[in-house]
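Understanding the architecture of this molecule
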Amino acid sequence: MYAIVEIAGQQFKVSKDQKVYVHRLGEEEGNKVSFDKVLLLDDNGTVTLGAPAIDGASVEAKILKHLKGDKVIVFKKKRRKGFKKKNGHRQSLTQIIIEGIVASGSKKAAPKKETAPKAEKTADAPVAEKAAPKAKASKKGDDLKKIEGIGPKAAEALVAAGIDTFAKLAKASADSVKEILDASTSKLSHLDPTTWGQQAQLAADEKWDELQKLQDELNGGKAV
């Protein structure tokens, strides 16, 4: 016999004499506790479901000890910002042992109704019209801002010039891209598109790790 029970916001599959680690409980060590939010019971193959909990059912347990879990390191870093932060965390836990599962007062789940067999197709029966296929949504352009050195204004200028995907940007020469930037009214002539084609080719091939490695070696999209 086993039960699915909610303890301290977590769901556990428990059975008699099983030891379980749960979030820290407020009771002292050695105390007995009862959990009445039982979601499912299985008694030798007889399954009872709650809606959401089973009335009258409960899981009885005893608190063995309070302890802390293994240390977890949380490390945060922002690239090229000089930001690094390292924190450690140990979750407060309680070890309990399941002493019994009370199923009195529970109601068995209603058996599923058998669905009527589908009618067989006959030669005289009309053929149902097939649903019209959904029209394929037009594919949106790629997010060119993933290329280092391209900001919102530069991406807008490139899209306006017909370069709206990584593949198109990879095929365009640096000189033609520079002409687009120089002709823009957003003052983009200071941008250097020398590495944009190389970055765009990696993005078009979905080689994100290689693109990340390349961008780590750049400075604002420019080769150092």
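Residue indices begin from 1 for each chain and proceed along its sequence in written order. In keeping with the model being predicted, local features are shown solely for residues with a pLDDT of at least 70 and side-chain atom pairs are shown and tallied solely at 80 or more, while totals for entire chains, interfaces and linings include all residues. Excluded from the side-chain calculations are hydrogens and water; all other atoms, namely the structure's heavy atoms, are used.

Looking now at helix H5 (residues 208–216). Turn by turn, an α-helix covers 3.6 residues, leaving residues three or four places apart pointing in a common direction. Three exposure classes are used, based on accessible area relative to the maximum for each residue type with a 1.4 Å probe and protein chains only: buried under 20%, partly exposed in between, and exposed over 50%. Note on conventions: DSSP H or I runs of at least 4 residues are helices, E runs of at least 2 residues are strands, and numbering of each starts at the N terminus. Regarding H5, the residues found buried are Leu 211, Leu 214 and Gln 215. Considered in projection along H5, the buried side chains sweep an arc of 95 degrees and stay on one side of the axis. Exposed residues pointing more than 90 degrees away from the buried face of H5 are listed as Asp 209 and Lys 213. Note on contacts: a residue pair qualifies if any of its non-hydrogen atoms lie within 4.5 Å across the two residues. Looking at the buried side of H5, the elements it contacts are helix H4 (196–204) and strand E11 (218–219). Think of the arc as the fan of directions from the helix axis to the C-beta atoms.

What follows deals with the nonpolar core. Across soluble globular proteins, you tend to see nonpolar side chains buried next to one another. Judged by nonpolar contacts, the single largest core of 23 residues is most densely connected at Leu 144, Ile 147, Ile 150, Leu 158, Leu 169, Leu 181 and Trp 196. Only helix H1 (152–160), helix H2 (166–171), helix H3 (174–183), H4 and H5 provide two or more residues apiece to this core. The contacts of Leu 144, once residues within four sequence positions are left out, are Ile 150, Ala 155, Leu 158, Val 159, Ile 163, Asp 164, Thr 165, Phe 166 and Leu 169. Ile 7, Leu 25, Val 38 and Leu 41 belong to the second largest nonpolar core, which has 20 residues in total. We call a set of buried residues a nonpolar core when its members are Ala, Val, Leu, Ile, Met, Phe, Trp, Tyr or Cys and they connect through side-chain atoms within 4.5 Å of each other.

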